[in-house]
Amino acid sequence: MALYSEKVMDHFMNPRNVGVIENADGVGEVGNAKCGDIMKMYLKIDDDVITDVKFETFGCASAIASSSMATELIKGKKLEDAMSLTNKAVAEALDGLPDYKMHCSVLAEEAIQAAIDDYKSKK
Ligand code: FES
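Quantities reported herein were computed from a predicted structural model and do not represent experimental measurements. (Residues numbered from 1 in each chain as written. Predicted model: local features only at pLDDT ≥ 70, side-chain atom pairs only at ≥ 80, totals over all residues. Heavy atoms only, no water.)

Our focus in this paragraph is the pairing of strand β1 (residues 26-31). Consecutive side chains along a regular strand alternate between the two faces of the sheet. The side-chain alternation of β1 yields one buried face, formed by Gly26, Gly28 and Val30, and one unburied face, formed by Val27, Glu29 and Gly31. Bridging between β1 and strand β2 (residues 38-46) involves six bridges; their strand directions are antiparallel. From the neighbouring strand, Glu29 faces β2, where its bridge partner is Lys40. Linking β1 back to β2 in an antiparallel pair, the connection comprises six residues, with Gly36 at a positive phi of about 85°. (Buried < 20%, exposed > 50% of the residue type's maximum accessible area, 1.4 Å probe, protein only. Helix = DSSP H or I, 4+ residues; strand = E, 2+ residues; numbered from the N terminus. Pairing = 2+ DSSP bridges.)

Below, the structure written as structure tokens:
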């Protein structure tokens, strides 16, 4: 069996929503101390709905695919729904990640939560 699903490869090779949002309403940056990978998430929020989201990830294929999928999952969603997005849901949407790569999807969950916390702290 291939190490990565087709969806992981697709989101790694053609990541969605890569970039920066100038004047973002919330920005979250998290890192994994062990591997040194970093993920930064930018949110544009209007009336508690995520109207736009972009990310920058300096990391492994799983981290990039997870960030890409996570942005797709929260775009257009309410803050409370985005807040409850788990890394497991991100991995499932990617048709799975190898067990030893699950921690990479945790970065996506944490980056979104950090960006929402940032937004709330500024309100
Ligand atoms: Fe660091 Fe995947 S190995 S996030």
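This is not the end of the story, as more comes after the structure.
Its 14 residues place the ends of helix α2 (residues 61-74) 20 Å apart at the C-alpha level, agreeing with the 20 Å of an ideal helix rising 1.5 Å per residue. Burial runs high along α2: 12 of the 14 residues are buried. Listing the buried residues of α2 in full gives Ala61, Ser62, Ala63, Ile64, Ala65, Ser66, Ser67, Ser68, Met69, Ala70, Thr71 and Ile74. Buried positions along α2 lie against α1 (6-13), β2, β3 (49-58), α3 (79-83), α4 (87-93) and α5 (102-122). Positioned one or two residues after α2, Gly76 has a phi angle of 85°, which is positive. (Expected span 1.5 Å × (residues − 1). Contact = heavy atoms within 4.5 Å.)

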